[in-house]
Amino acid sequence: MRGPRALPAPPSGRGDAEELRTSITNLVDNAVKYSTDVVRITVAVAAPSPDSVWVRVQDRGVGIPRKQLKRIFRRFYRVQTRGFKQVKGTGLGLYIVRSIAHAHGGRVFAQSEGEGRGATFTLELPRLAS
Ligand SMILES: Nc1ncnc2c1ncn2[C@@H]1O[C@H](COP(=O)(O)OP(=O)(O)OP(=O)(O)O)[C@@H](O)[C@H]1O
Ligand SMILES: [Mg+2]
């Protein structure tokens, strides 16, 4: 008789736990900060390919204009929001997330359908070889 079948192992990445925690905390912090009246955030882990892992943080907040999707990772860069109340910050969080991603051989990128339509941040890291 066959024994119980092993569940598929969750994707795992390799890295400095403290730094990875910092990067995920920064993304979740932003997702809350740049949400408006309702805070609805989704955090998901996925394996888009055999050698990489995604940690994806999605919100339904103020969104990001297309032209700024890359600039927001620059040091001290902050988006000037029009219709939404300005939120305090230093503009360093995403710069730190990007530095940590690069130090781990990964990357981070932002997607948004535009202002008022939420944003999705994906942290991609090399997958731990099993
Ligand atoms: N989830 C998000 N939705 C919409 N805009 C965002 C989101 N995350 C970041 N941004 C925009 O990108 C800019 C840079 O983000 P970053 O985290 O680097 O700095 P910050 O949040 O302003 O300050 P802090 O250094 O405290 O994190 C923000 O000022 C904001 O305009
Ligand atoms: Mg921030």
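Above this text is the structure in question.
The rules behind these values
- Residues numbered from 1 in each chain as written.
- Chains lettered and ligands numbered in written order.
- Predicted model: local features only at pLDDT ≥ 70, side-chain atom pairs only at ≥ 80, totals over all residues.
- Heavy atoms only, no water.
- Near = heavy atom within 4 Å.
- Polar contact = N/O pair within 3.5 Å; in protein donor to acceptor, adjacent residues only side chain to side chain.
- Areas by Shrake-Rupley, 256 points an atom, 1.4 Å probe, with all protein chains shown as cover.
- 1 Å grid on protein atoms, 1.4 Å probe; cavity = no way out; pocket = protein on both sides within 12 Å on 5 of 7 lines; lining within 4 Å.
- Sits in = over half its atoms within 2 Å of the grid points.
- Pairing = 2+ DSSP bridges.
- Helix = DSSP H or I, 4+ residues; strand = E, 2+ residues; numbered from the N terminus.
- Axes fitted to C-alpha atoms, helices over the stretch in contact; angles between N-to-C directions.
- Contact = heavy atoms within 4.5 Å.
- Points joined across faces, edges and corners; volume = space filled by probe spheres on them.
- Left-handed = near helix turned anticlockwise from the far one by under 90°.
- Buried < 20%, exposed > 50% of the residue type's maximum accessible area, 1.4 Å probe, protein only.
- Phe/Tyr/Trp six-rings, centres within 6.5 Å; stacked < 30°, edge-to-face > 60°.

Peer 1: I'd like a description of the site of ligand 1, backed by residues and values.
Peer 2: If you check the shell around ligand 1, you find 19 residues, and the closest are Tyr-34, Asp-59, Arg-78, Thr-90 and Leu-94. Asp-59 places a polar side-chain atom, nitrogen or oxygen, 2.9 Å from a nitrogen atom of ligand 1. Separating an oxygen atom of ligand 1 from a backbone N or O atom of Val-79 is a distance of 3.1 Å. Protein chains bury 93% of the 590 Å² of accessible surface belonging to ligand 1 in isolation. According to the grid-proximity analysis, the pocket containing ligand 1 is the largest pocket.

Peer 1: So what about the sheet that holds strand E3 (residues 107-111)? Which residues, and what values?
Peer 2: Taken in spatial order, the 4 strands of this open sheet run E1-E2-E4-E3, and their pairing is antiparallel. Each edge of the open sheet is held by one strand with a lone partner, namely strand E1 (42-49) and E3. For this sheet the average axis-to-axis angle between neighbouring strands, irrespective of direction, equals 20 degrees. Relative to strand E4 (residues 119-126), strand E2 (residues 52-59) runs antiparallel, the two sharing 8 bridges. Along E4, the bridge assignment pairs Ser-52 with Pro-126. Helix H2 (residues 93-103) contacts E3 and E4 of the sheet and is inclined by roughly 135 degrees relative to E3.

Peer 1: Lay out the layout of surface pockets in plain terms, naming residues and giving numbers.
Peer 2: Roughly 560 Å³ of internal volume is contained in the largest pocket. Around the largest pocket, the lining comprises 32 residues; the ones closest to its centre are Asn-30, Lys-33, Tyr-34, Arg-78 and Val-79. Elements represented by at least two residues in the lining of the largest pocket include exactly helix H1 (17-33), H2 and E4.

Peer 1: Which residues make up the packing of H1 against H2, and what values go with them?
Peer 2: Two quantities define a packed helix pair, namely the angle between the axes and the distance from one axis to the other. For the pair H1 and H2, interaxial distance at closest approach is 9 Å and the crossing angle is 145 degrees. Of the two possible hands of crossing, H1 and H2 adopt the one that is left-handed. Here H1 contributes Glu-19, Leu-20, Thr-22, Ser-23, Asn-26, Leu-27 and Asn-30 to the contact with H2, which in turn contributes Gly-93, Leu-94, Ile-96, Val-97 and Ile-100.

Peer 1: Explain the environment of Asp-59 to me, and be specific about the residues and the numbers.
Peer 2: Structurally, Asp-59 can be placed in strand E2. Judged by relative accessible area, Asp-59 falls into the buried class, the value being 8%. Expressed as a C-alpha distance, the spacing of Asp-59 and Val-39, which sit 20 residues apart in the sequence, is 7.6 Å. Sequence-distant contacts of Asp-59, defined by excluding residues within four places in its chain, comprise Ala-31, Ser-35, Arg-40, Ile-41, Gly-118 and Ala-119. Among the polar contacts listed, one links the side chain of Asp-59 to the backbone nitrogen of Gly-61, at a separation of 2.8 Å.

Peer 1: Just give me the short version of the packing of aromatic side chains, but keep the residues and values in it.
Peer 2: Applying the stated criterion across every chain yields a total of 2 aromatic pairs. Geometrically, the ring pair formed by Trp-54 and Phe-109 is edge-to-face, given 6.2 Å between the ring centres and 75 degrees between the ring planes. With Trp-54 in strand E2 and Phe-109 in strand E3, this pair connects stretches of sequence that are 55 residues apart. Residue Trp-54 is classed as buried on the basis of its relative accessible area of 19%. Taking the relative accessible area as the measure of exposure, Phe-109 reaches 18% and is therefore buried. Taking 6.1 Å as the distance between ring centres and 65 degrees as the angle between the ring planes, the aromatic pair formed by Phe-73 and Phe-121 counts as edge-to-face. Placement of Phe-73 in the loop between E2 and H2 and of Phe-121 in strand E4 is noted, with a sequence separation of 48 residues between them. Residue Phe-73 is classed as buried on the basis of its relative accessible area of 5%. Accessibility expressed as a relative area gives 7% for Phe-121, which makes it buried.

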